[in-house]
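Letter by letter, the chains look like this.
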Amino acid sequence: MGRMKEAYIQIMNDNNGIPEDMTLGDLIRMKELNIYNWKEYERAQERTRLQSNQQTDLGKATEDSEGESIRRKENN
């Protein structure tokens, strides 16, 4: 049996069918993460999104603070 078919069957078994919102991209990502329960997968995706946003926010804060220190030096 093919690996994608096995993942598809595992998802069907863990979720009592195929989730309505699931895309082929979700299937591939679920297989990569080895997470076949839709709710667990959505939580993992949300954690990833939040971590990405935090890193982006930290980068912006660093840029802002660097810009502020440059302005202070120019004003002195």
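Small disclaimer: the values here were computed from a predicted structure and weren't measured. Residue positions are given per chain, counting from 1 as you read along its sequence in written order. Totals for whole chains, interfaces and linings use every residue, but because this is a predicted model, local features are given only for residues with pLDDT of at least 70 and side-chain atom pairs only at 80 or more, for both listing and counting. Computation of side-chain values covers all heavy atoms of the structure but excludes hydrogens and water.

Draft legend 1. How the structure looks around helix H2 (residues 24-33). Summary of the burial criterion: residues with accessible area below 20% of their type's maximum are buried, those above 50% are exposed, and those between are partly exposed, where the area comes from a 1.4 Å probe applied to protein chains only. Under the scheme used here, helices are H or I runs from DSSP no shorter than 4 residues and strands are E runs no shorter than 2 residues, and both carry numbers assigned from the N terminus. Among all positions in H2, only Asp 26, Leu 27 and Met 30 are buried. Burial along H2 is one-sided: seen end-on, the buried residues are contained in an arc of 100 degrees. Exposed side chains of H2 directed beyond 90 degrees from the buried face belong to Leu 24 and Glu 32. Positive phi appears at Asn 34, one or two residues downstream of H2, with a value of about 60 degrees. Throughout, the arc means the angular range of directions from the helix axis out to the C-beta atoms.

Draft legend 2. Geometry of the pattern of salt bridges. Any carboxyl oxygen of Asp or Glu that lies within 4 Å of a side-chain nitrogen of Lys or Arg is treated as forming a salt bridge with it. In total, this model carries 2 salt bridges according to the counting rule given. We note a salt bridge from Glu 46 to Arg 49, for which the minimum N-O separation is 2.4 Å. With Glu 46 and Arg 49 both in helix H3 (residues 38-75) and 3 residues apart, this pair spans about one turn of that helix. Residue classification places Glu 46 among the partly exposed residues on the basis of a relative accessible area of 34%. Overall, Arg 49 belongs to the partly exposed group, its relative accessible area being 42%.

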